[in-house]
Amino acid sequence: MDDRRTRPAAWLIYGLMRTARGVSPRVDAGNAWFTLIGFTGLYAVLAIVWLFLVYRESALGPDPANQPPDKEFAAIAAD
Amino acid sequence: MGTIWFCLVALMITVYVILDGFDLGAGAIHLFVAKTDEEPRQILASIGPVWDGNEVWLLAAGGTLYFAFPALYASGFSGFYLPLMIVLWLLILRGTSIEFRNHLHSAVWEPVWDFSLLRLQPTASRVFRRGSG
């Protein structure tokens, strides 16, 4: 029987390291689920906050008091 | 060779503890000294330019541990899995608090980031102390 078809997750590094040898004896599946959900939730919240800030910043537009002087524009345009 | 790597890792961890101890301490001391609207901003400004540089010492120590002492790295990170993950979450929240806080003025926004920065950071230091003790 083809080993790859019957046991699709048998190798962590094909031909070198079995999945069973990569399992930590100290970290069980519940811990892994907890941190997976935790990371997903944390990054989801941060993504929403980031999108909110970017949207708000774009809606406000550039600050007219904080524009580069025309001389710099001319130098860039000349390049 | 092992002795050299051991000294390097020990140096990196020591420098991290000293430098980031300053950042974590600035977060913790906010509870007692920041009374006005201006003072949290001043405390943030005092660590603003240096805190992320200080944190790189932790990354360097972790990376050196991984390559120089893989067995220690594996047993340490497996044995302290949940505490280290919680410290990582708190460090993520610290960074985002510092970066996000001053983007917006509102009655909710700043207190939320102050909470995540300044009340949760003592927790991170406490977990660190438990781990090293």
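Refer to the structure presented above.
A quick note: this is a predicted structure, and the numbers were derived from the prediction, not measured.

A.B. asks: Please clarify how the overall build of chain B should be interpreted in this entry.
C.D. replies: Of regular secondary structure, chain B possesses seven helices and zero strands. A total of 133 residues make up chain B; the buried ones form 36% of that total. Once local pairs closer than 6 in sequence are excluded, the contacts in chain B between residues at least 24 apart make up 71%. Summing over all exposed atoms, chain B offers an accessible surface of approximately 7800 Å²; the carbon and sulfur share of this is 72%.

A.B. asks: Help me understand the pattern of salt bridges in this model?
C.D. replies: When their charged atoms lie close together, side chains carrying opposite charge are able to pair. All names here are of chain B. Summed over the entire model, instances satisfying the criterion amount to two salt bridges over all chains. When the shortest N-O distance is used, the salt bridge between Arg 94 and Asp 20 registers 3.2 Å. Here Arg 94 is found in helix 5 (residues 81-100), whereas its partner Asp 20 is found in helix 1 (residues 2-33), with 74 residues between them in sequence. Each member of the pair, Arg 94 as well as Asp 20, carries the same accessibility label: buried. Between Glu 55 and Arg 94 there is a salt bridge whose closest N-O contact spans 2.4 Å. One end of the pair, Glu 55, is in helix 3 (residues 51-68); the other, Arg 94, is in helix 5, with 39 residues separating them in the sequence. Each member of the pair, Glu 55 as well as Arg 94, is classed as buried.

A.B. asks: Would you mind going over a nonpolar patch on the surface with me for this structure?
C.D. replies: All names here are of chain B. The grouping of Met 1, Ile 4, Trp 5, Leu 8 and Leu 11 at the surface amounts to a nonpolar patch, some 520 Å² of accessible area in total. For Met 1, the position within the fold is in the segment before helix 1. Classification of Met 1 by relative accessible area gives exposed; the value is 71%.

A.B. asks: Sorry if this is basic, but what is going on with the interface of chain A and chain B here?
C.D. replies: How big an interface is tends to be stated in terms of accessible area lost as the parts join. With 18 residues of chain A in contact, the opposing surface of chain B contributes 15 residues. Across the chain A/chain B interface, buried area totals approximately 1500 Å², and carbon plus sulfur atoms make up 83% of it. The three residues of chain A that bury the most area against chain B are Phe 39, Leu 46 and Leu 53 of chain A, which together make up 30% of that side's buried surface. Here chain A is connected to chain B by two residue pairs in polar contact (both at pLDDT 80 or more). Residue classes in the side of chain A that touches chain B are distributed as eleven nonpolar, four polar and three charged.

Definitions and cut-offs
- Residue positions are counted from 1 within each chain, in the order its sequence is given.
- Throughout, the order in which chains and ligands are written sets their labels, letters from A for the former and numbers from 1 for the latter.
- Given that the model is predicted, a residue must reach a pLDDT of at least 70 before its local features are reported, and side-chain atom pairs must reach 80 or more before they are shown or counted; all residues, however, enter totals for whole chains, interfaces and linings.
- Side-chain calculation: all heavy atoms of the structure are included, whereas hydrogens and water are not.
- For the purposes of this entry, the term helix denotes a DSSP run of H or I that reaches at least four residues, the term strand denotes a run of E that reaches at least two, and both are numbered from the N terminus.
- Buried, partly exposed and exposed residues are distinguished by accessible area as a fraction of the type maximum, computed with a 1.4 Å probe on protein chains only: under 20%, between the cut-offs, and over 50%, respectively.
- By the convention used here, residues are in contact when the closest approach between their heavy atoms is within 4.5 Å.
- For every accessible area listed, the method is Shrake-Rupley and the probe measures 1.4 Å; residues are considered covered only by the protein chains on display.
- Salt bridges are counted wherever a side-chain nitrogen of Lys or Arg sits within 4 Å of a carboxyl oxygen of Asp or Glu.
- Every patch collects residues that have over 30% relative accessible area and no salt bridge, joining them within 9 Å if they carry like charges and within 5 Å if they are nonpolar side chains (Val, Leu, Ile, Met, Phe, Trp, Tyr).
- Once two parts are joined, some of their accessible surface, as seen by a 1.4 Å probe, is lost; buried area is that loss totalled over both.
- Polar contact is the term for a pair of N or O atoms within 3.5 Å; when the atoms are in protein, one must be able to donate a hydrogen and the other to accept it, and sequence-neighboring residues count only if both atoms are side-chain atoms.
- Throughout, the ten residues Ala, Val, Leu, Ile, Met, Phe, Trp, Tyr, Cys and Pro are labelled nonpolar, Asp, Glu, Lys and Arg are labelled charged, and all others, Gly among them, are labelled polar.

Honestly, that's just the spatial picture; any functional story needs more than this.
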